[in-house]
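For reference, the chains in residue letters:
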Amino acid sequence: LMSPWALYEAATRPMIATPWLFTVQSYCIVFGGVIAFSLHYHALRFWPMSRVFLWGNLLPITTMAAAWFILDEAVSATFWISITLVATAVAIGQKVTPTKS
């Protein structure tokens, strides 16, 4: 669905290839793809899918942390509030409840 917009952007704003651009792209591939999926599938060997899936909700924390440290992006107050709620929900979801037998 986004292809027409992507083609328009590519036609009207050509990308200038720089070493920094390739560094950022490599970082995204290695950490956002290879390592993240390796950890995800490794966790599936030890935890049920419902528990592993909860950790995906923490991705905005790592993304914002990287943007803050590497790109010096500003972090809004609402981000801290929302991420606190998400982290709390993940922590509660990870808590193992005893089963009655």
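Caption draft 1: Spotlight on the overall build of the protein. Helices and strands together make up the secondary structure of the protein, namely five helices and zero strands. From first element to last, N terminus to C terminus, the protein shows the α and β order α-α-α-α-α. When the 101 residues of the protein are sorted by exposure, 11% land in the buried category. Looking at the protein alone, contacts between residues at least 24 apart form 50% of all its contacts between residues at least 6 apart. When the accessible area of the protein is evaluated, it comes to approximately 8,700 Å², of which 73% is carbon and sulfur surface.

Caption draft 2: Structural detail: the packing of helix α4 (residues 59-71) against helix α5 (residues 77-94). Between α4 and α5, whose axes approach to 10 Å, the crossing angle comes to 145 degrees. Together, Pro 60, Ile 61 and Met 64 of α4 and Phe 79, Ile 83 and Ala 87 of α5 make up the contact between the two elements. Its residues placed into classes, the contact of α4 with α5 shows six nonpolar, no polar and no charged.

Caption draft 3: Expanded view of helix α2 (residues 19-44). Its 26 residues give α2 an end-to-end C-alpha distance of 36 Å, which sits within 8% of 38 Å, the value for a rise of 1.5 Å per residue. Approximately 30 degrees is the largest bend angle found in α2, and it occurs at Ala 36.

Caption draft 4: View of the packing of aromatic side chains. Within this structure, the stated rule accounts for five aromatic pairs. Taking 6.2 Å as the distance between ring centres and 75 degrees as the angle between the ring planes, the aromatic pair formed by Trp 68 and Trp 80 counts as edge-to-face. Separated by 12 residues along the polypeptide, Trp 68 in helix α4 and Trp 80 in helix α5 bring together distant segments of the chain. For Trp 68, a relative accessible area of 39% corresponds to the partly exposed category. Among the aromatic residues, ring-to-ring pairing joins Trp 68, Phe 69, Phe 79 and Trp 80 into one connected group. Over the ring of Trp 47 we find Arg 51, and its NZ or CZ is 4.6 Å from the ring centre.

Caption draft 5: A look at the confidence of the model for the protein. For the protein, per-residue confidence averages 84 on the pLDDT scale, and 94% of positions sit at 70 or higher. Within the protein, the lowest mean pLDDT, 81, falls on helix α3 (residues 49-55), and the highest, 91, falls on helix α1 (residues 3-12).

Thresholds, definitions, all that
- Residues numbered from 1 in each chain as written.
- Predicted model: local features only at pLDDT ≥ 70, side-chain atom pairs only at ≥ 80, totals over all residues.
- Heavy atoms only, no water.
- Helix = DSSP H or I, 4+ residues; strand = E, 2+ residues; numbered from the N terminus.
- Buried < 20%, exposed > 50% of the residue type's maximum accessible area, 1.4 Å probe, protein only.
- Contact = heavy atoms within 4.5 Å.
- Areas by Shrake-Rupley, 256 points an atom, 1.4 Å probe, with all protein chains shown as cover.
- Axes fitted to C-alpha atoms, helices over the stretch in contact; angles between N-to-C directions.
- Nonpolar A, V, L, I, M, F, W, Y, C, P; charged D, E, K, R; others polar.
- Expected span 1.5 Å × (residues − 1).
- Bend = angle between axes of the 7 residues up to and from the residue.
- Phe/Tyr/Trp six-rings, centres within 6.5 Å; stacked < 30°, edge-to-face > 60°.
- Lys NZ or Arg CZ within 6 Å of the ring centre and 35° of its normal.
- pLDDT = per-residue confidence, 0-100.

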